[in-house]
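Observations on the three-dimensional arrangement
Spelled out, the chains give:
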Amino acid sequence: MKEEKTQRHSGTEKKTKVNLFSVSLCLRVFIFWGSIGILQPNLILSQTTSEICNNGIDDDKDGLIDLNDGDCDCQYIEPVFSIPNPSFEEKSCCPVGSGRMECVDDWVKSSVTTPDFINLCGFQGFNLVPMPKPIPDGEGCVGFFNGYSGPGDSRPTWKEYVGVCLDVPLLAGVTYTFEFYVGFSEEPYSPGFKLSFFGTHTCDYLPFEYNNQEFGCPSNSVRWTTLSSVDVEGTNEWVLAQMTITPHDDVYALVIGPACPLVVRDYSSYYFFDHITLVNQSSDPFDIQANGNPCGDQFSLSVADAPIFDYQWFKDGIALVGENEARLTPNPKYGPGIYQVMMTDSVECQISREYIHELPVFSGMKNLAICQGDAYSFNNQALTAPGIYIDTLKTADQCDSILTLNLEVVEGFRTQVEAKIFPGETYQVGGQTFDQEGKYDIMLLSQAGCDSLVLLTLSLYDAYLPSAFTPNGDGINDIFIVMGGEDLVLIKNLSVFNRWGNLVYTATDIRANDLTQGWDGRTIHGPGAEGVYIFVAQLVYDDGKARDVSGSVTLIR
């Protein structure tokens, strides 16, 4: 005989099984109070010499507190979620006719219209829609209509559902996969249809609607949500089907039956259902889950909130006295550490896996240069000296961010520049243009944005272009040559043309300022005639650049 106790959830009495997971989790310890002989469940192992496991005190003075003490051993065992009475085998009576869902343990009729409890010990279904045999598991199953049609009585909203109040909820965000069998009679009474699972957050809403045969299905009420649906079909057989559910909210009550759309047919549709099992679950509902930003004040840890359990939270193995809910807010009261929660019912305990709560810390390096005389604000300091500085800041999520600053102080520079240009040329410094010789003070910004001073001395290259010469052999002004200062390196080319444009003289690579070289006034036809001649020359200065000059010169005899 299974032991039962009564719990309340959302103000409703709910019967639950003490041995929830069908496994031995961890024996609760009992103490004997005086001579009365009553066993009182507690976490106390001994009144005088053993550790009390939920008070945060080293009671037995062995230096070990609560879960850190071997006296408080409570093993973690993988929970196995199960649907109560999944094959409708546990019963209080044999059905003597249709309906009779009151004979089935745990399950209830959920609609005003009543599904049928079928069992080989009594009622075995209707002759018109015979149940396929054998039953998938054991001797019991349920049968239900998906709309009723009969002579002069057609009620397409007459849908029948079975429901169960869960010992442990289907948790929001956890994915569950169920397998179950759907039985089909023969055509035209069992055509293919859509089977649905419906859920709600409290067992208060079972059945989903009282005294209204035209209500239809659960999700016509705002209290119920369609969790998932699957198309199934068959003929004179049991079909194994599968459904995956990921609830948006915790589900405490489950209803199974046809989907909501209306069915209007010439014949009533009838089906059978049996042996629902959980075949996969995406996460352990009793593992600790983190909720929210780990650095924020509203960050919390939680496990499944099952009303059959009492809870006790621990940090680093030591009980957090008074923390007895399924949800714990560790920030900022308790802070980082290793958290566990012990869950106990009237005879058993289980302990969650450890959850390590750490506050994430972000780090970064910043390289920065400032100008001498400037300051940089860092950690409420005005930094003026070079060096490496470290500060802990807060991110937008209030997590610590460690910033390392590598600060460089850049001095402004003072530079003297001497430059020469040829007449007509320009010289640029920092975007400014100069074409006249002279001295200039130019203020610039360095790459670091610091003021720098350039002292520019600008001069012009010399080029002397004679306007006349007298090649008469008197040793004075007999040669025409282009002259310059010491910075003139070479006359790369010199050409002279008469007034008709004929070349009368050319020479290359003439030494600068060499009066023994140049045009002596002779042409290939003899002494050149008096008059004006045109010349062009290419001059090379000490900067390596070649400049072209031109002009006219008068030959006088």
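Residues numbered from 1 in each chain as written. Predicted model: local features only at pLDDT ≥ 70, side-chain atom pairs only at ≥ 80, totals over all residues. Heavy atoms only, no water.

A short note on unusual backbone geometry
Each neighbour pair has its own omega, and for Lys133 with Pro134 the value is 0°, a cis peptide bond. With respect to the helices and strands, Pro134 occurs in the loop between β6 (116–119) and β7 (140–150). Of note, the bond from Glu187 into Pro188 is cis; its omega dihedral lies within 30 degrees of zero at 0°. Inspection of the secondary structure assignment puts Pro188 in the loop between β10 (176–184) and β11 (193–200). Despite not being glycine, Asn236 shows a phi value in the positive range, around 50°. Checked against the element boundaries, Asn236 lands in the loop between β12 (225–232) and β13 (237–245). The backbone of Asp509 sits at a positive phi, close to 55°, despite the residue not being glycine. Note that Asp509 resides in strand β36 (residues 503–511). (Helix = DSSP H or I, 4+ residues; strand = E, 2+ residues; numbered from the N terminus.)

So, the pairing of strand β28 (residues 400–410)
Across eleven bridges, the pairing between strand β24 (residues 361–371) and β28 is parallel. By the bridge assignment, Met365 is partnered in β28 with Thr404. Pairing analysis gives eight bridges linking strand β27 (residues 387–394) to β28, with the strands arranged antiparallel. Along β28, the bridge assignment pairs Ile390 with Thr404. (Pairing = 2+ DSSP bridges.)

Section: the confidence of the model for the protein
Predicted coordinates in areas of low pLDDT are best not read in detail. In this model, the protein carries a mean pLDDT of 84, and residues with pLDDT of at least 70 account for 87%. In this model, residues 1–48 is a region of pLDDT below 50 whose contacts with residues beyond four sequence positions or in other chains number 121 contacts. (pLDDT = per-residue confidence, 0-100. Contact = heavy atoms within 4.5 Å.)

Quick word on the sheet that holds strand β20 (residues 327–328)
Spatially, the three strands line up as an open sheet ordered β16-β17-β20, and their pairing is antiparallel. At either margin of the open sheet sits one strand with a lone partner, and together these are β16 (289–291) and β20. The pairing of β16 with strand β17 (residues 300–302) spans three bridges and is classified as antiparallel. The residue bridging Ala290 from the neighbouring strand is Leu301, located in β17.

Some points on the packing of aromatic side chains
Scanning all chains against the criterion turns up 29 aromatic pairs. Considering the side-chain rings of Phe145 and Tyr270, the 4.8 Å spacing of their centres and the 70° angle between planes classify their relative orientation as edge-to-face. A residue pair is termed long-range when its members are at least 10 positions apart, and Phe145 in strand β7 and Tyr270 in strand β15 (residues 270–281) qualify at 125 residues. Relative accessible area serves as the criterion here: at 15%, Phe145 is assigned to the buried category. (Phe/Tyr/Trp six-rings, centres within 6.5 Å; stacked < 30°, edge-to-face > 60°. Buried < 20%, exposed > 50% of the residue type's maximum accessible area, 1.4 Å probe, protein only.)

Topic: the nonpolar core
Counting residues in hydrophobic clusters, the biggest one holds 55 residues, and the most contacted among them are Trp107, Phe180, Leu195, Phe197 and Phe273. Setting aside anything within four residues of it in sequence, one finds Leu195 in contact with Phe144, Phe180, Val182, Ser228, Ser229, Val230, Val232, Met243, Ile256, Gly257, Pro258 and Phe273. By size, the runner-up hydrophobic cluster in this structure holds 24 residues, among which are Phe422, Phe480, Leu539 and Leu555. (Core = buried A, V, L, I, M, F, W, Y, C linked by side-chain atoms within 4.5 Å.)

Notes on the state of the cysteines
Overall, the coordinates contain seven disulfides when judged by the stated rule. With a sulfur-sulfur separation of 2.0 Å, Cys94 is cross-linked through a disulfide to Cys121. On the sign convention where negative is left-handed, the bridge of Cys94 and Cys121, at about -130° about the S-S bond, is left-handed. Separated by 27 residues along the polypeptide, Cys94 in the loop between β4 (39–42) and β5 (107–109) and Cys121 in the loop between β6 and β7 bring together distant segments of the chain. Taking the relative accessible area as the measure of exposure, Cys94 reaches 32% and is therefore partly exposed. (Disulfide = S-S within 2.5 Å.)

Brief notes about the pattern of salt bridges
Applying the stated criterion across every chain yields a total of seven salt bridges. Salt-bridge contacts for Arg100 lead to Glu102; the nearest nitrogen and oxygen are separated by 2.4 Å. A relative accessible area of 26% means that Arg100 is categorised as partly exposed. Here Lys420 and Asp487 are joined by a salt bridge, their closest N and O atoms 2.7 Å apart. One end of the pair, Lys420, is in strand β29 (residues 414–421); the other, Asp487, is in the loop between β34 (468–469) and β35 (488–497), and 67 residues separate them in sequence. Using a relative accessible area of 37% as the deciding quantity, one classes Lys420 as partly exposed. Overlapping salt bridges, with partners in common, bring together Glu425, Asp543 and Arg547 in one network. (Salt bridge = Lys/Arg side-chain N within 4 Å of Asp/Glu carboxyl O.)

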